[in-house]
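# Observations on the model geometry
Each chain, written out:
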Amino acid sequence: MFCRIVAGEEPAHVVLETDDAVAFLDARPVFKGHTLLVPRRHVVTLPDLPADLLGPYLAAVQRLAAGVVDGLGAQGSFVAVNNVVSQSVAHLHAHVVPRTKGDGLRGFFWPRTKYADDAEAADYAERLRAVLEPD
Ligand SMILES: [Zn+2]
């Protein structure tokens, strides 16, 4: 599934593309602007990620964590990786979730929301791309 997004065979609101990774909006976000970062190479879990990709992958996570603040006006972010347990797609993905004090996120219970329509999702993606594009 995520390999198909990386290959451009499945549509997604892509917000960041690097040599090694692609980030796009989670279609069922915890909060709007919730992004998933996947390595281009198919690996299942974080322990499977080759050491030479670890640095570039974390650098992209860092850019997304800054991007949700700069692009969406979030106060901060929550970054998480599920490995095997609670991992819905068997291709490594880091969640970068915009956070704002009082947003109601408690512990690891993640209520999901929906975009009103594809245009709203496209708007969130555009706001993130606007701050993520410059290298
Ligand atoms: Zn894959």
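So, a few notes on the structure that sits alongside this text. Note that the structure is a prediction, hence the values are computed from the model and not measured. (Residues numbered from 1 in each chain as written. Predicted model: local features only at pLDDT ≥ 70, side-chain atom pairs only at ≥ 80, totals over all residues. Heavy atoms only, no water.)

### Structural notes on the side chain of Thr35
In plain terms, the rule: Helix and strand labels come from DSSP, where a helix needs a run of H or I of at least four residues and a strand needs a run of E of at least two; each type is numbered from the N terminus. Every residue pair with non-hydrogen atoms within 4.5 Å of one another is taken to be in contact.
Looking at where Thr35 falls in the secondary structure, it is placed in strand β3 (residues 35-39). Look past the residues within four positions of Thr35 in its chain and what remains in contact with it is Val15, Phe24, Leu25, Asp26, Leu64, Ala94, His95, Val96 and Leu128.

### Section: the environment of Thr100
Looking at where Thr100 falls in the secondary structure, it is placed in the loop between β5 (94-99) and α3 (118-132). In this structure the C-alpha to C-alpha distance between Thr100 and Arg28, which are 72 residues apart in sequence, comes to 18 Å. Here Thr100 is in contact with Ala74 and Gln75, once residues within four sequence places are set aside.

### Observations regarding the coordination of the zinc ion
Six octahedral donors around a metal ideally sit at 90 or 180 degrees from one another, while four tetrahedral donors ideally sit at 109.5 degrees. Applied cut-off: The rule for donors is simple: an N, O or S atom within 2.8 Å of the metal counts, and for Na, K and Ca the reach is 3.2 Å. Water is not among the atoms, so a site may look short of donors. Buried residues are those whose accessible area, probed at 1.4 Å on protein chains only, stays under 20% of the maximum for their type, while exposed residues exceed 50% and partly exposed ones sit between those limits.
Protein-derived coordination of the zinc ion comes from Cys3 (SG), His42 (ND1) and His91 (ND1), at a distance range of 2.0 to 2.3 Å. Linear spacing of the donor residues for the zinc ion on their chain is C-x38-H-x48-H. Of the two residues, Cys3 is situated in helix α1 (residues 2-6) and His42 in the loop between β3 and α2 (51-72); the sequence distance between them amounts to 39 residues. Residue Cys3 is classed as partly exposed on the basis of its relative accessible area of 30%.

Honestly, it's all geometry; don't read function into it.
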